[in-house]
Every structure is written in C-alpha cells, then in structure tokens.
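Commentary on secondary and tertiary structure
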Amino acid sequence: MTATGSAAEADASGRDRMDALRRRLGGFAFGGDYNPEQWDSAVWREDVDLMRRAGVNLVTVGVFAWAALEPEPGVFTFEWMDEVLDLLHSAGISVDLATPTMAPPAWLSQNFPETLPMMADGETFGFGNRLHYDPSSPVYRERAAIITRALAERYSGHPALAMWHISNEYGPTAYNEQSSVAFRAWLQRRYGSLEALNDAWYTRFWSQTYTDWAQVDVPAVPRSWMNPARQLDFKRFVSDALLECFVAERDIVREYRDDIPVVTNFMRFYRNADYWKWAREEDAVALDIYPDPGDEDSWVSAALNFDLMRSLKGEPWVLMEQAASAVSQWKVNNVKRPGMMRAGSYQAIAHGSDTVLYFQWRASRGGHERFHSAMLPHSGTASRTWGEVEALGNELPLIKDALGSSAPADVAVLFDWDAWWALTETHGLPRNDFDYPGLVTDHYRPLLEAHHAVDFVSFDSDLSRYRMLVIPNAYLVPDRFVEALTRYVEGGGVVVCSFFSGVVDETNQVRQPAYPGGLRTLIGGYIDEYLPARAGETFEVQFTGAADDGAAGAVTANWWQDSVHVESATVRAVYASGLLQGRPAMLENTVGEGRVVYLGTRLEPAALTRVLLGEAQRSGIRALVTDAPPTVEATLREADGVSFLFLLNHSESHAAEVRLPFEGHDLLTGASVTDAVTLGPLGVAVVRAVTP
Ligand code: GLA
C-alpha cells in the first residue's frame with residue numbers, strides 16, 4: 001500500500017511487535033478465546049493441563065469480562081484475573097489480553113441509557129445481547145477508557161502478556177442525537193464549510209440545501225429515498241467512529257507498553273468498517289472466520305477473505321477465531337466433518353496466517369452460544385472434536401519454518417469499501433440488487449481454481465508490483481485511482497474491468513462526460529445507456545478472435561448490458577442476440593505499454609473464466625501448479641529464500657493427484673516428494689522445496 005510516513009512507520013513497528021510474538025511462541029500460535037469467568041477455579045486447573053496436552057500456546061482472555069472485572073462503577077475485582085494469568089504463565093501459555101468493551105455491564109446501560117445505540121427505526125438496542133453501545137457516546141468512551149487503563153496498569157508488566165486484543169468485532173451503527181453531533185463534526189472536518197457540503201451532497205436536488213450545520217443529522221431509515229452522498233458519507237463516518245474507539249483504547253495500552261502487538265478482530269465481508277483504513281492502525285490484521293460446514297463451496301469465500309486479510313497489510317496475519325466444529329447462530333448448524341477443521345486451519349496458514357485460534361476453548365454450558373463448538377466440547381476429551389484439536393495442536397510444530405513468511409502474487413483484484421458502499425448502500429441505481437462480495441468472488445474464483453496466487457488492492461494501493469489487475473464492478477472510483485490506474489496501464493499493466501465501473505466520483509455524483517467517466521479513455525469507448533436485463537433474459541455473445549485465443553466462440557451472458565460505443569478500442573466480442581445485437585459486449589484497448597479489457601455484460605462463469613485466465617496467460621503469469629483439480633488449492637509462502645508449497649484438497653470424497661513444480665519434503669509426513677503428491681479427501685501437504 002502507498003503509506004503515509006507515519007503509517008509506514010506504524011507498519012514497521014507493527015512488524016517488529018509481531019516478530020517479537022513469533023519469537024516468543026517459537027512457532028504458529030495455537031489456542032483460542034478463554035472465558036474462565038464462566039467457571040470456578042478448579043476447572044481452570046484442568047483447563048491449563050488440557051491446554052498443554054493440546055499444544056496450546058496462546059489464549060485470548062477477558063473479551064466479555066467487563067461485569068466480572070468492574071462489577072460496580074470504579075470497583076475492580078482483578079483477583080480472579082491475577083490467578084488465571086499466573087496459572088497460564090506457570091504453564092508456559094501466553095496471553096492475548098482483551099479489553100472487554102464490546103459488552104458493557106448492566107450498570108452502565110442502567111446508569112447511562114444514552115450509551116445504548118438507537119437503531120435506524122428509532123428503537124433502542126437494549127441491554128441483554130452484546131454490542132450495546134453507541135461508539136459516539138462520550139460516556140461510553142470515557143467508561144471504556146477507564147476499564148482499559150485499569151487493565152493496562154495492572155497487567156502490562158505481567159509476564160504472560162504477549163498481545164492486546166482491543167474490544168471485539170467492532171460493529172454497531174447508532175442513530176442517537178450524539179451520533180448526529182459526531183457526524184456533523186466529522187463532516188466539518190471533511191468539507192470545511194456548509195457550502196462545500198451542499199456541493200458534495202448535491203443538495204439542490206429536492207430542496208435539500210442546508211443553511212445551518214444544526215440541520216445536518218444522521219440518515220435514519222424512515223426517511224427512505226435518501227441523498228446518496230449523505231448515505232455514503234454516513235457509512236464512512238460509522239467506520240471512522242468505530243475506529244476512533246479502537247485507537248483510543250490502543251493508545252492507552254501503548255502508554256504502558258510498546259513492544260507487544262495490539263489488534264482487534266475483523267469479520268468476513270464486513271460492511272461497516274473500511275478494513276484498509278483500519279489495518280493501518282493495527283499491528284497485525286486479525287480475522288474471525290466461520291465458513292458454513294454445510295456448504296461444500298464455502299472454502300472459496302474463506303480463501304478470498306484470507307487473501308484479503310493478508311493483502312490489507314501485506315503481512316502474515318492472525319486467524320483470531322474459527323469454530324472447532326459447528327457454530328450456533330444459523331437455522332441449521334452443521335458440524336465440521338472429520339478432517340474439515342484441520343483443512344480449514346491449514347488453509348488459513350496457506351494464505352498467510354501465523355496463528356490457528358478458535359472461539360472458544362471450553363464450551364459454555366449456558367448463554368446464546370451454548371451449542372457453539374469448542375476446542376474442549378461439552379463431552380470433554382471423549383469427543384471427536386477434541387481428538388482433532390489435540391492432533392492438530394501437536395502437528396503444527398512440524399511446519400514451523402514457514403512462520404512469518406510471505407506469499408507473492410502477480411495478480412491483484414480490487415476490493416474497496418468505498419466502491420462497495422456506493423454500489424450497494426445508496427440505492428437509486430439502474431438496478432439495486434448488486435452483491436459486491438458476490439461479484440468480487442465471481443472474478444476471484446477462476447483465478448483461485450486455476451491455482452494463481454492473488455492479492456487484493458484498494459484505491460490507494462501500489463499497483464506497480466502486479467502484472468494484472470482485475471476490477472469487478474467499481475461503480476465509484478476516486479480521481480486518485482483514475483490517475484494511478486492510468487499510470488499503471490501506461491507502464492505496461494493489464495486491466496480486466498467489468499461493467500458499470502468508473503461511473504461516479506467520491507461524492508457519488510455522475511462523472512462528466514458520461515459514461516464511464518473516469519475510465520472512458522482507458523476502456524477506449526463510451527456508454528450511452530445502462531441496460532439491466534429483464535428477469536430471466538439472456539444474450540448470446542460472440543467472441544471475434546481466432547478459435548485459439550482462449551475466448552472464441554459463442555457464449556451466453558445475462559443480468560446487465562452496457563450500450564458501448566467504440567472510440568479507440570478493438571471489439572473482442574459482440575452481442576449475437578437481443579436489443580444490442582451486433583453491438584460490442586467486450587472491448588480491448590491499448591494504452592501506452594499496457595491494455596485494458598472491458599466487459600460490458602455479465603458473462604456466464606465459464607466464459608469469464610476463459611477471459612481471465614486467457615489474459616493471465618497473455619501477461620505471462622504462471623499458475624503455482626498445473627494439472628490439479630479446481631477443488632485443490634495451491635498457495636506458496638516464502639521465507640529466507642525457502643519456498644513452502646501448501647496443497648489442500650477440499651473435496652470430501654475424492655483423492656487428488658497434484659504434479660509438483662519442485663522437489664521437496666512434505667513436512668506433515670516427512671516423506672520426500674518428487675513429481676507428484678496424492679492428497680486424500682480433505683488432505684493437506686506442505687512441501688518444503690529442496691534448495692540446490
Ligand atoms: C464472533 C465473536 C465471538 C463468538 C463467535 C462465534 O466471532 O467474536 O465472541 O460469538 O463469533 O459465534
């Protein structure tokens with residue numbers, strides 16, 4: 001990422017702090033959330049004995065312990081936590097200590113009801129769940145700071161402390177009066193004057209001109225059909241307000257100790273926080289992931305999220321939570337079948353994680369998540385899940401040389417929260433059922449299944465290290481990205497960009513001359529109309545190239561058509577049926593040393609795959625392995641000149657043979673491998689290259 005001076009420095013020290021953690025643990029972190037406040041102290045001793053048996057070296061303590069640590073305002077009961085930390089330390093287990101500010105205690109909600117978030121419909125989100133706070137509430141922030149400081153004061157010097165876990169899964173969006181006050185202040189910082197705000201929000205439409213800052217408030221739901229620039233800014237504000245809460249607590253714990261990582265946990269495809277911006281404030285990116293074990297395809301979106309997490313900082317990351325088996329929040333909660341948890345854990349490592357951590361260590365007897373699986377299930381060690389957890393914990397040291405390593409990629413896919421929010425959160429588009437994560441997945445899957453290494457980039461990333469960039473449906477593009485993209489292509493970069501991209505600027509206003517505004521010169525054509533398809537409508541698309549160019553012949557498309565008029569581009573495909581019959585469906589434009597391929601419609605998956613893989617091949621990008629089935633994943637990690645090839649077979653029923661790009665040793669079996677390895681169903685191999 002292009003980083004500012006201070007962000008670059010923050011990254012360097014973040015890396016140092018993570019290096020210190022890696023050295024301290026001497027291998028991959030293995031463990032999970034540990035909630036001893038739910039159990040009496042006799043159980044703690046058994047916990048620690050079993051943790052040792054399973055190879056646990058890191059546990060996250062105190063995530064939900066505010067009520068147990070501060071039962072009354074300003075009255076702290078640290079004795080139990082002292083005992084737990086001492087006990088863990090005596091067993092050689094390190095602690096990721098959490099600030100408990102995700103779940104405020106009942107006294108806070110009772111004494112200060114204004115800390116409770118008002119929801120978009122005006123109802124109060126009351127006590128009894130979690131996340132019941134308005135991030136803009138000064139009282140909430142003050143009380144969160146008090147408990148954070150008390151914890152930092154008491155435990156910063158504790159020898160078990162290895163990492164800080166700030167709060168948990170930041171998320172609430174609040175519509176309280178105090179949220180409006182904070183939103184106003186945020187807008188004043190962004191725009192400086194009411195005039196600039198009125199311009200940015202295009203308030204002459206529907207007589208929305210503001211004449212006093214006091215008139216500006218948060219966009220609550222009953223006023224539907226809202227100003228799209230206001231909605232977009234509100235999404236940005238919510239992310240920033242939550243980030244301020246993180247930064248405030250982070251800075252408090254840093255005052256006491258500067259040498260250990262401070263992180264919070266991100267979520268899969270999470271809409272309410274711009275994780276690119278957040279990552280700059282973290283020492284490492286940490287992720288909670290719960291792929292549905294009932295969905296045999298869920299490994300694809302897991303892979304995408306893992307690649308995104310690695311890309312956010314370009315560093316090894318932290319798998320902070322996963323389930324040992326089933327979760328409990330869906331209608332039907334399937335178990336992870338034998339081998340699935342192991343494969344999913346190695347999958348995270350394969351994509352750059354240096355940890356395998358779970359929610360949670362011991363299964364709760366009560367509470368909403370009493371049936372959420374745990375490393376130690378209700379049935380204790382006499383359970384399949386425990387057996388698999390114990391086996392994995394004792395197996396991970398075999399691959400410890402891969403720790404801290406990176407994973408290079410030649411292809412990048414754009415994933416930006418501004419692009420997401422504008423496309424799906426502001427309504428009033430030619431169609432309002434865009435699924436941004438789904439569209440990004442459609443573009444990512446062919447590359448993953450063909451065993452290409454993939455990074456993700458934002459509007460602010462350094463593009464120069466990639467040979468090819470895929471831009472899925474970037475309706476909003478800021479000027480700075482248009483400039484960066486132009487430089488990238490002129491310098492030889494290859495771009496594959498799909499329809500309805502480049503349409504609006506950062507204020508959600510249509511770029512002129514339309515369309516696609518910012519990308520018009522790059523795609524080499526203009527669009528006079530966007531035509532969403534009628535329900536069930538499909539179009540035949542005929543590629544114009546030779547039969548051997550990788551994307552020849554007739555295919556179908558659906559969902560959308562750009563009415564494209566060629567300026568400088570070459571037509572790669574035309575519609576062979578429908579309203580736009582004979583008109584371009586796909587363009588290719590040479591710009592400087594590079595080229596842009598533009599898709600004006602949604603091609604059937606096989607055709608999109610052919611286009612993407614064809615462009616990768618033309619760009620000289622090589623897959624990590626060839627001749628492996630699509631349900632086999634291949635990734636590479638490299639450390640100190642040594643390559644580690646991770647191979648994972650996600651099929652539950654079929655073995656797979658994979659031809660190897662180099663000779664090596666499978667670290668999990670100890671066997672030498674030369675031409676090929678055979679992976680059983682859900683099988684894993686970690687091949688360390690033999691260096692000449
Ligand atoms: C999230 C939370 C955990 C737990 C798990 C399982 O990731 O951070 O506290 O609730 O989900 O549902």
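No experiment lies behind these values; they were computed from the predicted model shown.

**Details of the overall build of the protein chain**
Per the secondary structure count, the protein chain includes 18 helices and 27 strands. Here the C-alpha radius of gyration of the protein chain, 26 Å, is about what a compact globule of 692 residues would show, namely 26 Å. By principal-axis analysis of the C-alpha atoms, the protein chain measures approximately 75 × 75 × 45 Å. Sorting the 692 residues of the protein chain into buried and exposed places 60% on the buried side. If you take every contact in the protein chain between residues at least 6 apart in sequence, the share linking residues at least 24 apart comes to 72%. Computing the positive centroid from 58 side-chain charges and the negative centroid from 92, the protein chain places the two 1 Å apart.

**Thoughts on the site of the ligand**
The environment of the ligand is formed by Phe64, Arg130, Asn168, Glu169, Asp288, Tyr290, Glu321, Gln329, Phe359, Glu369 and His372. At 2.5 Å, a side-chain N or O of Glu169 approaches an oxygen atom of the ligand. Within the side chain of Glu369, one N or O atom sits 2.5 Å away from an oxygen atom of the ligand. Expressed as a share of its isolated accessible area of 300 Å², the protein-covered part of the ligand is 97%.

**Some thoughts on the domain arrangement of the protein chain**
Under the domain assignment, the protein chain is made up of domain 1 (7-175 + 232-401), domain 2 (411-618) and domain 3 (632-689). Inter-centroid distance (C-alpha atoms) of domain 2 to domain 3 is 34 Å.

**Here we look at unusual backbone geometry**
Residues apart from glycine generally show negative phi values, whereas peptide bonds are mostly found in trans. Geometrically, the link from Gln512 to Pro513 is a cis peptide bond, its omega value of -10° lying close to zero. Structurally, Pro513 can be placed in the loop between strand S13 (494-498) and helix H17 (520-523). Cis geometry marks the peptide bond from Tyr515 to Pro516; its omega dihedral reads 0°. Tracing the backbone shows Pro516 in the loop between S13 and H17. One non-glycine residue, Trp206, lies in positive phi territory at about 60°. Looking at where Trp206 falls in the secondary structure, it is placed in the loop between helix H8 (194-201) and helix H9 (228-256). At Phe269, a position not held by glycine, the phi torsion is positive, near 40°. One can find Phe269 in the loop between strand S6 (265-267) and helix H10 (275-279).

**As for the pattern of salt bridges**
With the rule as written, the count across this model stands at 45 salt bridges. Between Arg141 and Glu244 there is a salt bridge, with the nearest N and O atoms lying 2.8 Å from each other. A residue pair is termed long-range when its members are at least 10 positions apart, and Arg141 in helix H6 (residues 138-155) and Glu244 in helix H9 qualify at 103 residues. For Arg141, a relative accessible area of 29% translates into the label partly exposed. By relative accessible area, which is 36% here, Glu244 ends up partly exposed. A salt bridge links Arg637 to Asp354, with the nearest nitrogen and oxygen atoms 2.7 Å apart. With a gap of 283 residues between them, Arg637 in strand S21 (residues 632-639) and Asp354 in the loop between helix H12 (340-350) and strand S9 (355-358) connect regions that are remote in the sequence.

**What about the packing of helix H2 (residues 41-54) against helix H13 (residues 384-395)?**
Two elements in contact, H2 and H13, have axes separated by 7 Å at closest approach and are oriented at 60°. The angle between the axes of H2 and H13 places the two elements in the oblique class. Counting all contacts with H2, which are made through Leu50, Arg53 and Ala54, the residues of H13 involved are Trp386, Glu390, Gly393 and Asn394.

**A short note on the sheet that holds strand S7 (residues 286-288)**
In spatial order, the strands read S6-S7-S8; together these 3 strands make up an open sheet with parallel pairing. Single-partner strands in this sheet number two, and they are S6 and strand S8 (318-321). Pairs of neighbouring strands in the sheet enclose a mean axial angle of 45°, with direction left out of account. For S7 and S8, the ladder comprises 3 bridges, and the chain directions are parallel. Of the residues in S8, the one forming a bridge with Leu287 is Leu319.

**Examining the confidence of the model for the protein chain**
A residue-level look at the protein chain finds 97% of positions with pLDDT of 70 or above and a mean pLDDT of 96. Within the model, pLDDT remains below 50 along residues 1-5, and this stretch shows 11 contacts once partners closer than five positions in the same chain are excluded.

**A closer look at the side chain of Ser298**
Secondary-structure assignment places Ser298 in helix H11 (residues 298-313). In this structure the side chain of Ser298 is engaged in a polar contact, spanning 3.0 Å, whose partner is the backbone oxygen of Asp292. A polar contact is formed between the side chain of Ser298 and the backbone oxygen of Asp295, at a distance of 2.9 Å. Once you skip the residues sitting within four places of it in the chain, Ser298 turns out to touch Pro291 and Asp292.

**Section: the sheet that holds strand S22 (residues 642-649)**
If you walk across this open sheet you meet the 5 strands as S21-S22-S27-S24-S25, and the pairing is antiparallel. Looking along the sheet, the strands with just one partner apiece sit at the ends: S21 and strand S25 (672-673). Lying over the sheet, H12 contacts S21, S22 and strand S27 (684-689), oriented at roughly 145° with respect to S22.

What counts, and where the lines are drawn
- Residues numbered from 1 in each chain as written.
- Predicted model: local features only at pLDDT ≥ 70, side-chain atom pairs only at ≥ 80, totals over all residues.
- Heavy atoms only, no water.
- Helix = DSSP H or I, 4+ residues; strand = E, 2+ residues; numbered from the N terminus.
- Rg over C-alpha atoms; globule rule 2.2 N^0.38 Å.
- Buried < 20%, exposed > 50% of the residue type's maximum accessible area, 1.4 Å probe, protein only.
- Contact = heavy atoms within 4.5 Å.
- Lys, Arg positive; Asp, Glu negative; His and termini not counted.
- Charge placed at Lys NZ, Arg CZ, Asp CG, Glu CD.
- Near = heavy atom within 4 Å.
- Polar contact = N/O pair within 3.5 Å; in protein donor to acceptor, adjacent residues only side chain to side chain.
- Areas by Shrake-Rupley, 256 points an atom, 1.4 Å probe, with all protein chains shown as cover.
- Domains from an automatic or database assignment.
- Salt bridge = Lys/Arg side-chain N within 4 Å of Asp/Glu carboxyl O.
- Axes fitted to C-alpha atoms, helices over the stretch in contact; angles between N-to-C directions.
- Parallel < 35°, antiparallel > 145°, perpendicular 65-115°, else oblique.
- Pairing = 2+ DSSP bridges.
- pLDDT = per-residue confidence, 0-100.

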